[in-house]
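# What the coordinates show
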Amino acid sequence: MTQTVPGHSFDPREGYDADGVMAPKRYDALLLASFGGPEGQDDVIPFLRNVTAGRGIPDERLEEVATHYRAHGGVSPINDQNRALKAALEQELSRRGIELPVYWGNRNWDPYIPETLQEMYRQGHRRVLTVSTSAYSCYSSCRQYREDLGTGLRETGLEGSLEVDKVRQYFDHPGFVHSFQEGLSQGLRSMTQKLGTLEKVHVFFATHSIPTSDAAAAGPRPLAQQLRDETGAEPGEVNGADVYSAQHLAVAELLMEMTPEAKDVDWSLVYQSRSGPPTVPWLEPDINDAMEELAEQKDLRGVVVVPLGFVSDHMEVIWDLDTEAKETAQKLGLEFLRTPTPGVHQRFVSGLVDMVAERLEQLPEAERPERAGLTDFGPWFDVCRPNCCVKTMRDGTQKPTVAAVDSEVGVSGL
């Protein structure tokens, strides 16, 4: 039976409409999909081999990155953070009376996504909805998860037996945005207490850099296209010329407008955690370079860093921001304050469950939350466009994906 959502008309053959909104379904399990991380010194290099698989990076180069993990006992905090998020999701679902068991699978470390899919199938589940720990639109934040799910189904022989969808990217969902707003407000108040004024304070919104080729593949979308038309910039040349940075800029601008303490405070979007050969262009500016340049240009006294691209305080937050960026600020004589990531903030967890609930056929229509999005982008697609954020492999092939118009796996009726 074709389901209805106010304002949307679904093709009964496909189950989604022209805006990429999927009709509610009777899902019987929820999968929390994340990046994964090592849990001991012996895990570090095998984990990094998984992350860089297919790129031919020797272990001696991986060991350079391994020092970040080794400085923390070889343990990434991300797995414990995902355990906490899984428990928080279970509690919020139970509070709302939604009977949906939650499973957890990682792309790069145990528990791996393929094994989790097998466990879900063994437990009798046949229709799975996925929530990932990445909010924005690009290859590594969205499509790579959809590829891992698609590849996992194919490799385990579950293709055609287990249906797998994914909730939309949630960069501008109220639950995600408001959890940052609270931290920004408190951070600016704390900086005022330290300096007595915000006149010489700058807010840096930090996110993971990506190759400009990935930025180009992720967009442009309407808002990013408008900026490109106005400036002539190609993706990666100017912040906002691609959908990935445009989404971040839209949320950052919204946060500054929402926060009374931020009135008249300057801000900018910066990047971190780039990797790979220097000959490959990535989105810029790097947060450390931007801090040094800004300190030279004006009489700066303090910086407030908002980790806008991240869901939890994993290694790239505690190393690249809390260690390296903080050291840069100290070298420049600047007060440094980093605001919290959403983690298990109640508004964030509730927002994730809202996005699950809006997809559940078993809930009466009146109990399904409205699709919410706070920026002009509006709520993102449930079903990605053809070739969205595509990356072709070295052999010229593309990996199978779920939750897209052109998906051949993870769908029913195969």
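Description of the structure in this document.

Scoring rules and cut-offs
Residues numbered from 1 in each chain as written. Predicted model: local features only at pLDDT ≥ 70, side-chain atom pairs only at ≥ 80, totals over all residues. Heavy atoms only, no water. Helix = DSSP H or I, 4+ residues; strand = E, 2+ residues; numbered from the N terminus. Rg over C-alpha atoms; globule rule 2.2 N^0.38 Å. Buried < 20%, exposed > 50% of the residue type's maximum accessible area, 1.4 Å probe, protein only. Pairing = 2+ DSSP bridges. Axes fitted to C-alpha atoms, helices over the stretch in contact; angles between N-to-C directions. Contact = heavy atoms within 4.5 Å. Phe/Tyr/Trp six-rings, centres within 6.5 Å; stacked < 30°, edge-to-face > 60°. Arc of directions from axis to C-beta. Parallel < 35°, antiparallel > 145°, perpendicular 65-115°, else oblique. Left-handed = near helix turned anticlockwise from the far one by under 90°. Salt bridge = Lys/Arg side-chain N within 4 Å of Asp/Glu carboxyl O.

### Digging into the overall build of the chain
Broken down by element type, the chain carries 13 helices and eight strands. A compact globule built from 414 residues should have a C-alpha radius of gyration of about 22 Å, and the chain, at 21 Å, falls within 12% of that. Each principal axis of the C-alpha atoms in the chain carries an extent, and together these give about 65 × 50 × 45 Å. Scored against the burial criterion, the 414 residues of the chain give a buried share of 54%.

### Points about the sheet that holds strand S2 (residues 102–106)
One open sheet holds the four strands; their spatial order is S2-S1-S3-S4, and the pairing between them is parallel. Each edge of the sheet is formed by a strand with only one pairing partner; in this case those strands are S2 and strand S4 (163–166). Taking each pair of neighbouring strands and ignoring which way they run, the sheet shows an average axis angle of 30°. With five bridges connecting them, strand S1 (residues 29–34) and S2 associate as parallel partners. Within the sheet, the bridge partner assigned to Leu30 lies in S2 and is Val102. The sheet contacts of helix H3 (residues 78–95) involve S1 and S2, and relative to S2 the element is tilted by about 160°.

### Comments concerning the packing of aromatic side chains
For the structure shown, the criterion picks out 16 aromatic pairs. An angle of 25° between the planes, with centres 5.9 Å apart, marks the rings of Tyr136 and Phe171 as stacked. Of this pair, Tyr136 sits in the loop between strand S3 (127–132) and helix H5 (139–155) while Phe171 sits in the loop between S4 and helix H6 (174–195); the two residues are 35 residues apart in sequence, bridging distant segments of the chain. Both rings, one in Tyr170 and one in Phe348, keep their centres 6.0 Å apart while their planes meet at 50°; by these two values the pair is tilted.

### Remarks on helix H2 (residues 59–70)
All buried positions along H2 are accounted for by Leu62, Ala66, His68 and Tyr69. For H2, the arc enclosing every buried residue in end-on projection is 135°, short of the 170-degree limit, so these residues lie on one face. Seen from the open side of H2, the exposed residues pointing more than 90 degrees away from its buried face are Glu60 and Glu64. Buried-residue contacts for H2 involve helix H1 (44–51), helix H11 (315–318) and helix H12 (320–331).

### Looking at the packing of helix H4 (residues 113–122) against H5
Close contact between H4 and H5 brings their axes to 9 Å; oriented N to C, the two are set at 60°. The angle between the axes of H4 and H5 places the two elements in the oblique class. H5 is crossed by H4, and the crossing has right-handed handedness. Across the interface between the two elements, Ile113, Pro114 and Leu117 of H4 pack against Asp148, Leu149, Gly152 and Leu153 of H5.

### Side note on the pattern of salt bridges
Under the definition given, this model contains 28 salt bridges. As a salt-bridge pair, Lys25 and Asp165 come within 2.8 Å of each other at their nearest N and O atoms. Separated by 140 residues along the polypeptide, Lys25 in the segment before S1 and Asp165 in strand S4 bring together distant segments of the chain. Of the charged contacts in the structure, one is a salt bridge between Arg127 and Glu163, with a shortest N-O distance of 3.0 Å. You can see Arg127 sitting in strand S3 and its partner Glu163 sitting in strand S4, a full 36 residues away along the chain. With a relative accessible area of 25%, Arg127 lands in the partly exposed category. The structure contains a network of salt bridges with shared partners spanning Arg168, Glu358, Arg359, Arg371 and Asp382.

### With respect to unusual backbone geometry
The omega torsion of the bond from Asp110 to Pro111 falls at 0°, within 30 degrees of zero and hence cis. In this structure, Pro111 sits in the loop between S2 and H4. Cis peptide bonds are those with omega within 30 degrees of zero, and the linkage from Glu284 to Pro285 qualifies with 10°. Considering the arrangement of structural elements, one finds Pro285 in the loop between strand S6 (266–272) and helix H10 (287–297). The phi dihedral of Ser273 is positive, around 65°, even though this residue is not glycine. The phi torsion at Cys389 lies on the positive side, around 55°, for a residue other than glycine. Tracing the sequence through the fold places Cys389 in the segment after helix H13 (346–357).

### Here we look at the sheet that holds strand S8 (residues 335–338)
By way of backbone hydrogen bonds, the strands of a sheet pair with one another, either parallel or antiparallel. Read from one edge of the open sheet, four strands run S6-S5-S7-S8, paired in parallel fashion. Of all the strands in the sheet, the pair left with one neighbour each is S6 and S8. Sheet twist, expressed as the average angle between the axes of neighbouring strands with direction ignored, equals 25°. For strand S5 (residues 201–208) and strand S7 (residues 302–306), the ladder comprises five bridges, and the chain directions are parallel. The residue bridging Val201 from the neighbouring strand is Gly302, located in S7. On the sheet, H6 packs against S5, S7 and S8 and is oriented at approximately 165° with respect to S7. Helix H9 (residues 243–258) contacts S5 and S6 of the sheet and is inclined by roughly 145° relative to S6.

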